[in-house]
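# Commentary on secondary and tertiary structure
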Amino acid sequence: VSAGRTNRDHALLIDTVGTARLTGTIFDGKRRTEYVHGEATSSTKGSAGYPEIIERMAAAATVVIPLADPSALSGLTEIADAAALGVPVVVTRNDVMPYDIVGSGAGVTVDAGNRSALIAGIDSASAMDEPAARRALATAFNLDAYQELLLTVLRGQRNIHSMD
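Anyway, here's the lowdown on the structure attached to this text. (Residues numbered from 1 in each chain as written. Predicted model: local features only at pLDDT ≥ 70, side-chain atom pairs only at ≥ 80, totals over all residues. Heavy atoms only, no water.)

### Section: the overall build of the protein chain
Our working definition: To qualify as a helix, a DSSP run of H or I must reach at least 4 residues; to qualify as a strand, a run of E must reach at least 2; elements of each kind are numbered from the N terminus. Contacts are residue-level and defined by heavy atoms, with any inter-residue pair within 4.5 Å sufficient.
For the protein chain, the count of helices and strands is six helices and seven strands. Mapped in sequence order, the helices and strands of the protein chain form the string β-α-β-β-β-α-β-α-β-β-α-α-α. Look at the contacts in the protein chain between residues 6 or more apart in sequence, and 51% of them connect residues 24 or more apart.

Pasting the structure below:
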């Protein structure tokens, strides 16, 4: 499954789906296109609803987020949704991404614009041990971890300001 329209390299993704003969759904914000073994089998115009996208993500082996411009921060909603569902992601390597995709076990990162790397990333993420990936995601991306990070930052700010 791939969702999102902002800063996505849909041309690369469609080429990859065809070359690797993949099965899945691409939601590009303008239409939903279903693929079976690399062939588009149906295309529905219009933006899909969030519940439908989440339903497809939950059933997917991976969520693929190929970015057109890796210097721009994009794809956070899809990464958060996939993490909440415990589905590994394949995302373009990006220095401004606030998540450690690989270190957290959330998935894999690939170089921008590289079809071979995207295919390898999809294969790698699809082969991830699902229970282990879900545990890693639950540990890395949860409210308790976020709260602890926020408290650490706020305590640091308080200490900085109390030194003035």
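From this point, things continue past the structure.
### Side note on the pattern of salt bridges
Which entries qualify depends on this criterion: A pair is scored as a salt bridge if a Lys or Arg side-chain nitrogen falls within 4 Å of a carboxyl oxygen belonging to Asp or Glu. Exposure is judged per residue with a 1.4 Å probe applied to protein chains only, and the accessible area is read against the type maximum: over 50% gives exposed, under 20% gives buried, and values in between give partly exposed.
The final tally for this structure, using the stated rule, is eight salt bridges. We note a salt bridge from Asp-28 to Arg-31, for which the minimum N-O separation is 3.8 Å. We classify Asp-28 as buried; its relative accessible area is 16%. The class of Arg-31 is partly exposed, set by a relative accessible area of 31%. Here Glu-52 makes a salt bridge to Arg-32, at a shortest N to O gap of 2.4 Å. Remark: Arg-32 occurs in strand S3 (residues 31–36) and Glu-52 occurs in helix H2 (residues 50–59); sequence separation between them is 20 residues. A relative accessible area of 25% means that Glu-52 is categorised as partly exposed. Looking at Arg-32, the relative accessible area reads 18%, which means it is buried.

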